[in-house]
Amino acid sequence: NLVRLHKDASLSLFELFNVQRQIDQIHSREVSLPSGGQLVIDPTEALTAIDINSGRSGGKSNFEDMAYRTNMEAAKMIPLQLRLRDIGGQVVADFIEMRDKAHWREVEKTLRAGMKEDRARYDVGKIGPFGMLEIVRQRLGSSAISISTEICPFCKGTGVRRNAEWSSQQALREI
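The present account deals with the structure reproduced in this document. Because the structure is predicted, anything quoted here is derived from the model rather than measured.

Quick notes on helix α4 (residues 101-115)
Since one α-helical turn is 3.6 residues long, residues separated by three or four positions face the same way.
In step 1: For α4, which comprises 15 residues, the first-to-last C-alpha distance of 21 Å matches the rise-based estimate of 21 Å (1.5 Å per residue) to within 8%.
In step 2: Of the residues making up α4, those classed as buried are H103, W104, V107, E108, T110, L111, G114 and M115. Buried residues in α4, looked at end-on, bunch into an arc of 160°, giving them a common side. Structural note: α4 exposes K101, R105 and K109 on the side pointing more than 90 degrees away from its buried face.
In step 3: Of the surrounding elements, those touching the buried residues of α4 are α3 (63-85), β5 (122-124) and β6 (132-137).
In step 4: By the N-cap criterion, in which a side-chain oxygen at the helix start approaches the backbone nitrogen of a residue two or three places on, α4 is capped by D100, the distance to A102 being 3.0 Å.

A look at the pairing of strand β3 (residues 47-53)
In step 1: Of the two faces of β3, only the one carrying T48, I50 and I52 is buried; L47, A49, D51 and N53 on the other face are not.
In step 2: For strand β2 (residues 38-43) and β3, the ladder comprises 6 bridges, and the chain directions are antiparallel. Its bridge partner being in β3, P43 is matched across the sheet by T48.
In step 3: Where β2 folds back on β3, the antiparallel hairpin that results is connected by 3 residues.
In step 4: Both β3 and strand β4 (residues 89-94) contribute to a ladder of 5 bridges, which runs parallel.

Calculation rules
Residues numbered from 1 in each chain as written. Predicted model: local features only at pLDDT ≥ 70, side-chain atom pairs only at ≥ 80, totals over all residues. Heavy atoms only, no water. Helix = DSSP H or I, 4+ residues; strand = E, 2+ residues; numbered from the N terminus. Expected span 1.5 Å × (residues − 1). Buried < 20%, exposed > 50% of the residue type's maximum accessible area, 1.4 Å probe, protein only. Arc of directions from axis to C-beta. Contact = heavy atoms within 4.5 Å. Polar contact = N/O pair within 3.5 Å; in protein donor to acceptor, adjacent residues only side chain to side chain. Pairing = 2+ DSSP bridges.

Spelled out as structure tokens, the structure:
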């Protein structure tokens, strides 16, 4: 009952379940949110910074509603990205500032609910007065990015590129 035959030859399983989009997302610096905002994820030596941008979802009519909606979407997406990328250590998320304290509590509550699905040990702080929230998360293993990339031989480590195994699997998938 668990196994079903895939009969649709026009769509691969990767396309059917959006696996390719998720793979591309974990290798991208930017992750799009449903309302048009985005997460910008920048790993550094000491921590990972996540900036929430309103993008095209910005509006002059009701900034508070736009900020709340974008922050709520980000609070749902951040735990997923932390798990997919297996980001460990200190993570700082810079949310869009809101005036309503009840909205801040809802964003924190949503983020904590998403983190409950994580098998790694973690600690989530509170959103500070400048809209920053700190998360400390245990890394469980090698991240997808570290497995599928290698140090660029041309720039000697200031950039990365996809390794041969990843490139060959991608070529086979496209064929």
